[in-house]
Amino acid sequence: MRAALLGAISLMIAVTACSPSTRTAVTATPGTPPPSGTPRSSGVPGTASDVQAIADDLVSSGSPGAVVHVRDDGRIREAAAGFADLDARTPMRVDHRFRIASVTKTFTATIVLQLVRERRLALGDRLGKLLPGVLPGADRVTVEQLLTHTSGIPDYLTDSRFTDAVVDGGQYTRDWPPRELLGYGGKPGKRGVNRYSNGNFILLGMIIEKITGQSYSEALSERVTGPLRLRDTELPRDLLPGRLARGRQGDGPGSTTVNSSIFWAAGGLVSTTRDVGTLYEALFAPGPRTSGRGTRPSGVGTRVAGKGATPLPDGSALKQSGGMGVYADRLSCGARVWNHSGLIYGYSGVAMSSEDGRRQVVVQLNSPAVGQAISAAGKLMCG
């Protein structure tokens, strides 16, 4: 049990800016192979048969289930394979939800950059002004340094005191207030050096709440998920949210019972591949598009549907300083992508957009095989 629960904490830590073409695949528990006779395509990656074949291959490689989502200029192709619950033999569907782990950071960064656009916040604002006394020794850290992981703030998830409390203390199902999370991790180090830390985005979540006067969930709903009609995306209050694929770790039974407050604005969201793809299209696509559900509700990533709705930042805002809530990578085929991956106990995945914003790929697994998810997304992005 201890080893399993440690996975819920330690696997959240560092799947960040490595190139998708060079990351090492992680072996997961063998699932169910695709049915015999499943079509395989040798054509351009991204055709309907290719998307299904890649989903099937991810299951053949060890994940219990997989969902793969591809958009080309708003045209959607998606496929599911394997099982959402391996023990119950529940088939995976494209509308199953996953814990998206650090892909949450793109959502959080989007809200922060909305506030910057509204001039309610500036990238140069310091913690000492925004959240005085919240984190001793970090008063001079700026919003931009939080967004780009150059604050020097340690990751609370790496603190053995925290993992001992969560694992040995059995506190993985209780609510963890953000200030309590920040009590772990140790003293801030040198600013300006890239050091991935979930603590950065916990602080950004607190800044969102301070500036808006809303909870993080309320701000997310009003500013992103509501206007973009992302009905399957939320920071869940329930330990087992509805339609959640059951994550599986190692050889143990499936388990998804972890309180999302442990990861909060850094990695606590649940979503579908379609919802994540919609966000990445809204942020990075070059103009209004038509998708499988009608006209895309944002133009050049700057406006969202609904009278009086708050504008989204366009993709160029997230691309500053090499990425705020996203990372820049170049694939083996030479394609440049903006992306973020996520890894948490029993789940992994990645969201990518091409540099020109015309293609988005999202892959989600109910296993920790993040390297395989990234590799699969890279293949589809190179088509």
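Bear in mind the structure is a predicted one, so any value in this text is a computation, not a measurement.

(A) Quick look at the sheet that holds strand 10 (residues 347–354). Strand order in the open sheet formed by seven strands is 3-2-1-11-10-9-8, with antiparallel pairing between adjacent strands. Each end of this open sheet is capped by a strand with a single partner; those strands are strand 3 (90–91) and strand 8 (327–330). Where strand 10 meets strand 11 (residues 359–365), six bridges bridge the pair, whose relative direction is antiparallel. Counterpart to Val 350 in the pairing with strand 11 is Val 363. Seen against the sheet, helix 13 (residues 370–381) touches strand 1 (65–72), strand 9 (336–344), strand 10 and strand 11 and runs at an angle of roughly 25° to strand 10.

(B) Layout of the state of the cysteines. A full pass over the atoms with the stated rule returns one disulfide. Here Cys 333 engages in a disulfide with Cys 382; their sulfurs sit 2.0 Å apart. One quick way to see it: the torsion about the S-S bond of Cys 333 and Cys 382 is about -80°, and its sign makes the bridge left-handed. Of the two residues, Cys 333 is situated in the loop between strand 8 and strand 9 and Cys 382 in the segment after helix 13; the sequence distance between them amounts to 49 residues.

(C) Seen up close, the packing of helix 3 (residues 104–117) against helix 11 (residues 273–284). Where helix 3 meets helix 11, the axes come as close as 11 Å, and the angle between the chain directions of the two elements is 40°. What the angle tells us is that helix 3 and helix 11 run oblique. Note on packing geometry: the crossing formed by helix 3 with helix 11 is left-handed. Residue-level contacts link Thr 106, Phe 107 and Thr 110 of helix 3 to Val 276, Leu 279, Tyr 280 and Leu 283 of helix 11. Split by residue class, the contact of helix 3 with helix 11 holds five nonpolar, two polar and no charged.

Calculation criteria
Each chain has its residues counted from 1, running along the sequence as written. At least 70 in pLDDT is required for a residue's local features to be given in this predicted model, at least 80 for side-chain atom pairs to be given and counted, and no such filter applies to totals for whole chains, interfaces and linings, which use all residues. The side-chain numbers reported here are obtained from all heavy atoms of the structure, hydrogens and water having been left aside. When DSSP finds two or more bridges between a pair of strands, those strands are recorded as paired. By definition, any uninterrupted DSSP run of H or I lasting at least four residues is a helix, any uninterrupted run of E lasting at least two residues is a strand, and each is numbered from the N terminus. Should any heavy atoms of two residues lie within 4.5 Å, those residues are counted as being in contact. Throughout, an axis means a line fitted to C-alpha atoms (over the contacting stretch in the case of helices), and angles, computed between N-to-C directions, take values from 0 to 180 degrees. By disulfide we mean two sulfur atoms from cysteines, separated by a distance within 2.5 Å. Every angle not falling under 35 degrees, over 145, or within 65 to 115 is termed oblique; those three ranges are roughly parallel, roughly antiparallel and roughly perpendicular. Throughout, a crossing is termed right-handed when the near helix is turned clockwise from the far one, and left-handed when it is turned anticlockwise from it by less than a right angle. In the scheme used here, Gly and all other residues not listed as nonpolar or charged are polar, with Ala, Val, Leu, Ile, Met, Phe, Trp, Tyr, Cys and Pro taken as nonpolar and Asp, Glu, Lys and Arg as charged.

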